[in-house]
Amino acid sequence: MAEEVKLMKGNEAIAHAAIRYGADGYFGYPITPQSEIMETLMEEKPWETTGMVVLQAESEVAAINMVYGGAGCGKAVMTSSSSPGVSLKQEGISYMAGAELPCLIVNVMRGGPGLGTIQPSQADYFQTVKGGGHGDYRLITLAPASVQEMADFVKLGFDLAFKYRNPAIILADGVIGQMMEKVVLPPFQPRLTEVEIRQARPWATQGKPAGRKRNVITSLELDPARMEENNLRFQAKYREIEKHEVRYEELDCTDADYLMVAFGSMARICQKTQEMAAAEGIKIGLLRPITLWPFPTEAIAGYADKVKGILVPELNAGQMIEDVRLAVNGRVKVEHFGRLGGIVPTPDEVLNAIKEKLM
Amino acid sequence: MDTKDIIKPENLVYSKPRLLNDNPMHYCPGCSHGVVHKLIAEVIDEMGMEEQTIGVAPVGCAVFAYNYIDIDWQEAAHGRAPAIATAIKRLNPDKLVFTYQGDGDLAAIGTAETIHACNRGENIAIIFINNGIYGMTGGQMAPTTLEGMVTSTCPYGRNVDLYGYPLKISDLVAKLDGSCYVTRQSVHTAAAVKKAKKAIRQAFENSMAKKGASLVEIVSTCASGWKMLPENANKWMEEHMFAKYPLGDLKNE
Amino acid sequence: MAKVKGTVVVNNERCKGCNLCVVACPADVLALQPKEVNDKGYHYAYMKNPDNCIGCASCGYVCPDGCISVYKVKL
């Protein structure tokens, strides 16, 4: 059968992909610019087809804790929000990281701080990859740059979350959430049955059969020796993820004199910048991190001795640039270009920044 | 007749419930939590629901409830137990799902989760321990602290002009269309314990029958927090707590 | 003479000496050990007047720590 190509918003693609993945539940709270995710789910009524539960919670705090409850039962559950709402979810995210619960979170970023703006932004990079909530934990962070990736990263995010028993987050921005593009939706896959969950996820709270110890989902451990053990286990897991799950894309990087490192919608703008530069005879490569954590540190480090300078264009005041600088460790000049407060720059602004800051 | 002749399995009329394990409980001497734990363990066992029950523990003194009742548990963030239970029950409609929460957890930080879970008519049972104080953190003022009652954060007594009034949250929940059963019980006498057990059983049966949200408030003591001997705490509870939080059904539909 | 005879077995190590069983007993059977303590230092409950026990289990119901077992026979 030929692939079915559809035209839809990134937010809508998330919703359709979740149903097709066989997600068990979605718990959300309305906030611009991502409300289409829950609206699409409600429109599609998956509880009548796949049995997926869709519930509008009383707050983002309640929604993320519903995700905790569902995830604790071994179910594939998710939530979505935008920056101010994701701030509210940090409590639950930290608890899930501490309780080693898999789930999928979607943040369609808008400009901040505070209530900020409803326009696109990438200013939640720090919050997402450096912690956000309290404690030493990491979130598997996927940064889509197209509606197709919005759809594809639902499965990828869930699969990684379950593989490592860790929350995963799709860090999109208002551009990717709102724009319409062609998308090939993934095939339907069935939801797991209770028997399958009990087998595949023996840690899940599904009710204690005689003969197995009770399962307890908790992030609490008052004994410092055991709490350190827990933390060391988390860190070992994070090192595994860093070793195996780094994803990035390189565009025209071979023989490039300059490199741009950009993610999400900013990376798309940079592709146009590359074209404009090429027309002027300037060779600029583009490295697009797909996983923001784990970060493509080694790949970027590899360019330190090959290019004359690196520009990190972001829809923020300079966040990912810190990780790029750590990667090259002073061996090459790394400069930032950013627009703030919901402004999306033009490709020639980026090109001008390269000329001014690196040439 | 010698006691040795009486102590035989066939003569046993009361003992620790099977689902309450041998872990020594961390609660202070005379704490009401232990009695309520026993009742929950007994009811789950008598309903034959051991393999189908998921409890949600709070933050507060009962944070370690999962160490004592031998079923599957999830430990909630402070106040979020009703949200967590909502998802567990929605995703597993045939399981027995209950929360166990104190007054700070349920009636202060978790007020929104409590009200909205009950208002949605979630098919969960909420066991609510109201002792008018934050026990775990050392006896601070709770939303349910009585007027004039001394705590470590209202050392001159709760002044309602400054701190507002004791919150009768069960009365609020009883007014919601989504709640089916709201009752206030205690566990300070054998008779009260038997009634409280019946209430917990009914709440659990409501969860299974998908009748809506049930809330069983247990008016309780906190001997340590109140700085009294356990037996005096019981008397103080009868004289003061019951006046503000009278026992009995608030709603039974 | 009573028509029933009961007896109480206290799990000494679980007992925290809260005295609630002593108060709950209608037959003045129980008391806290005046001197002896368990490993945690609590004066645990014991049958001071075992002959009085009617096996009503009131002590068991109110015991917060589940340390009481009650047995009863009809005479």
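Use the structure listed above.
In this report, we go over the structure that sits alongside the text. The structure presented is a predicted model; accordingly, all values stated were derived computationally and were not measured. Along each chain, residues carry numbers from 1 onward, in the same order as the chain's sequence is written. Whichever chain is written first becomes A and whichever ligand is written first becomes 1, with later ones labelled in order. Owing to the predicted nature of the model, reporting of local features is limited to residues with pLDDT of at least 70; listing and counting of side-chain atom pairs is limited to 80 or more, with chain, interface and lining totals taken over all residues.

**Some thoughts on the interface of chain C and chain B**
Moving on, step 1. The partner chain B presents 27 residues to the 27 residues of chain C that form the contact.
Moving on, step 2. Broken down by secondary-structure element, the contributors of at least two residues to the side of chain C that touches chain B are strand 1 (4-10), helix 1 (20-24), helix 2 (58-62) and strand 4 (68-74) of chain C.
Moving on, step 3. Per-element tally for the side of chain C that touches chain B: the top contributor is strand 4 of chain C, with five residues.
Moving on, step 4. Taken together, the residues of the side of chain C that touches chain B break down into 14 nonpolar, eight polar and five charged. We call two residues in contact whenever the C-beta atoms placed from their backbones are within 7 Å. For the purposes of this entry, the term helix denotes a DSSP run of H or I that reaches at least four residues, the term strand denotes a run of E that reaches at least two, and both are numbered from the N terminus. Residues are grouped as follows: Ala, Val, Leu, Ile, Met, Phe, Trp, Tyr, Cys and Pro are nonpolar; Asp, Glu, Lys and Arg are charged; all remaining types, including Gly, are polar.

**Focus on the sheet that holds strand 8 (residues 179-186) of chain B**
Hydrogen bonds between backbone groups are what pair the strands of a sheet, and the pairing can be parallel or antiparallel.
Moving on, step 1. When DSSP finds two or more bridges between two strands, those strands count as paired. Pairing is mixed across the open sheet formed by eight strands, whose spatial order is 9(A)-3(B)-2(B)-4(B)-5(B)-9(B)-8(B)-10(B). Sheet topology places strand 9 (216-217) of chain A together with strand 10 (248-252) of chain B at the edges, where each strand pairs with a single neighbour.
Moving on, step 2. Sheet topology places strand 4 (residues 96-102) of chain B next to strand 5 (residues 125-130) of chain B; five bridges connect them, and they run parallel. Following the sheet pairing, Gly-102 of chain B is matched in strand 5 of chain B by Ile-129 of chain B.

**Considerations on the pairing of strand 5 (residues 103-109) of chain A**
All names here are of chain A.
Moving on, step 1. Three exposure classes are used. Buried residues have 20 or more other C-beta atoms within 10 Å of their own C-beta, exposed residues have 12 or fewer, and partly exposed residues fall in between, all C-beta atoms being placed from the backbone. For strand 5, a buried count of seven out of seven residues is recorded, marking the element as mostly surrounded by other parts of the structure.
Moving on, step 2. Residue alternation in strand 5 divides its side chains into two sets, Cys-103, Ile-105, Asn-107 and Met-109 and Leu-104, Val-106 and Val-108, and both sets are buried.
Moving on, step 3. Inspection of the sheet shows strand 4 (residues 77-81) paired to strand 5 by four bridges, in the parallel sense. Of the residues in strand 5, the one forming a bridge with Thr-79 is Ile-105.
Moving on, step 4. Handedness of the β-α-β unit built from strand 4, helix 4 (residues 83-99) and strand 5 comes out right-handed. A right-handed crossover is one whose linking path, passing over the helix from the first strand to the second, runs clockwise when the strands point away from the viewer.

**Observations regarding the arrangement of the chains**
Moving on, step 1. Taken together, the two pairs of chains in contact show their highest number of contacts between chains A and B.
Moving on, step 2. One thing to see here is that chain A and chain C don't touch, and their nearest C-alpha atoms sit 20 Å from each other.

**Re the packing of helix 1 (residues 10-21) of chain A against helix 2 (residues 36-44) of chain A**
When two helices pack together, their arrangement is given by the angle between the helix axes and by the axis-to-axis distance.
Residues and elements named next belong to chain A.
Moving on, step 1. At a minimum axis distance of 7 Å, the contact between helix 1 and helix 2 shows a crossing angle of 45 degrees. In terms of their interaxial angle, helix 1 and helix 2 are classed as oblique. The two elements helix 1 and helix 2 cross, and the hand of that crossing is right-handed. Each of Asn-11, Glu-12, Ile-14, Ala-15, His-16 and Ile-19 in helix 1 lies in contact with helix 2, whose residues at this interface are Glu-36, Ile-37, Thr-40, Leu-41 and Glu-44. Helix axes use the C-alpha atoms of the stretch in contact, all axes being lines fitted to C-alpha atoms, and the angles between their N-to-C directions lie in the range 0 to 180 degrees. Roughly parallel refers to an angle under 35 degrees, roughly antiparallel to one over 145, roughly perpendicular to one between 65 and 115, and oblique to any angle outside these ranges. For any pair of crossing helices, the crossing counts as left-handed if the nearer helix is rotated counterclockwise from the farther one by less than a right angle, and right-handed if it is rotated clockwise.

**Some remarks on helix 6 (residues 147-164) of chain A**
Residue and element names in this part refer to chain A.
Moving on, step 1. In this model, helix 6 (18 residues) spans 26 Å end to end at C-alpha, consistent with the 26 Å of a helix rising 1.5 Å per residue.
Moving on, step 2. Maximum bend of helix 6: about 35 degrees, positioned at Phe-153.
Moving on, step 3. Every buried residue belonging to helix 6 is among Val-147, Glu-149, Met-150, Ala-151, Phe-153, Val-154, Leu-156, Gly-157, Phe-158, Leu-160 and Ala-161, and all of these are buried.
Moving on, step 4. Phi turns positive one or two residues past the end of helix 6, at Arg-165, with a value near 45 degrees. Multiplying one less than the number of residues by 1.5 Å gives the expected span of a helix. Bend is computed residue by residue as the angle between axes fitted to the seven residues ending at the residue and the seven residues starting at it.

**Quick look at unusual backbone geometry**
The phi angle of most residues is negative, glycine excepted, and most peptide bonds adopt the trans form.
Moving on, step 1. Thr-32 of chain A connects to Pro-33 of chain A through a cis peptide bond whose omega is 5 degrees.
Moving on, step 2. Turning to its location among the elements, Pro-33 of chain A is positioned in the loop between strand 2 (25-28) and helix 2.
Moving on, step 3. Of the consecutive residues Gly-112 of chain A and Pro-113 of chain A, the connecting peptide bond is found in the cis state with omega at 0 degrees.
Moving on, step 4. Take Pro-113 of chain A: it is sitting in the loop between strand 5 and helix 5 (125-129).
Moving on, step 5. In the Ramachandran plot, Lys-227 of chain B falls in the positive-phi region, its phi being about 60 degrees despite a non-glycine side chain.
Moving on, step 6. Its location among the elements puts Lys-227 of chain B in the loop between helix 9 (223-226) and helix 10 (230-244).

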